[in-house]
Amino acid sequence: MQKSLGHVSTMTDLWSDHNRNSFMAVTAHFMMQDDAGQLVLKSHLIAFRYIEGSHSGANLGKCFVQIIDEMQFLHKVFATSDIK
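Heads up: these notes are all about the structure in this document.

Criteria and cut-off values
- Residues numbered from 1 in each chain as written.
- Predicted model: local features only at pLDDT ≥ 70, side-chain atom pairs only at ≥ 80, totals over all residues.
- Heavy atoms only, no water.
- Pairing = 2+ DSSP bridges.
- Helix = DSSP H or I, 4+ residues; strand = E, 2+ residues; numbered from the N terminus.
- Core = buried A, V, L, I, M, F, W, Y, C linked by side-chain atoms within 4.5 Å.
- Buried < 20%, exposed > 50% of the residue type's maximum accessible area, 1.4 Å probe, protein only.
- Contact = heavy atoms within 4.5 Å.
- Polar contact = N/O pair within 3.5 Å; in protein donor to acceptor, adjacent residues only side chain to side chain.

1. What about the pairing of strand β2 (residues 22–33)?
In step 1: Direction of pairing for strand β1 (residues 5–16) relative to β2: antiparallel, over a ladder of 9 bridges. Considered in β2, the bridge of Ser9 is made with His29.
In step 2: Hairpin connection between β1 and β2: a loop of 5 residues separates the two successive antiparallel strands, and Arg20 in this loop has a positive phi of roughly 70 degrees.
In step 3: In this structure, β2 lies alongside strand β3 (residues 39–51), joined through 12 bridges in antiparallel fashion. In the strand pairing of β3, Thr27 is matched with Leu45.
In step 4: Remark: 5 residues form the turn of the hairpin made by β2 and β3, two consecutive strands paired antiparallel; Gly37 in that turn has positive phi of roughly 85 degrees.

Here is the structure:
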């Protein structure tokens, strides 16, 4: 994603299993140029994490920013949406 053209958009999905363990998945969507010079949309699952604590905006935001920071493309994030 460091070599992506322009910004990176992300999607998150949150859910709990039958034992009430919470998880977050984060997918990144971005444009790359292939060997022929054509633009190609890429989508990658960049994280699947166990979420500790509440589903408050502050806690989920902290987890999300930590993931993006670890991937080192916080400066490229353009938009984030949640799958409902």
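Further notes follow.
2. Overview of the nonpolar core
In step 1: In terms of nonpolar packing, the biggest core is built from 14 residues, with Met24, Val26, Ala28, Ile46, Ile67 and Phe73 touching the most fellow members.
In step 2: Mapped by element, the contributors of at least two residues to this core are β2, β3 and α1 (57–71).
In step 3: The element that contributes the greatest number of residues to this core is α1, accounting for 5 residues.
In step 4: Leave out the neighbours within four places in its chain, and Val26 touches Thr10, Met11, Thr12, His44, Leu45, Ile46, Ala47, Phe64 and Ile67.

3. Regarding the side chain of Asn59
In step 1: Tracing the backbone through its elements, the reader meets Asn59 in helix α1.
In step 2: A distance of 2.8 Å separates the side chain of Asn59 from the backbone oxygen of Glu52, its partner in a polar contact.
In step 3: The contacts of Asn59, once residues within four sequence positions are left out, are Ile51, Glu52, Gly53 and Ser54.

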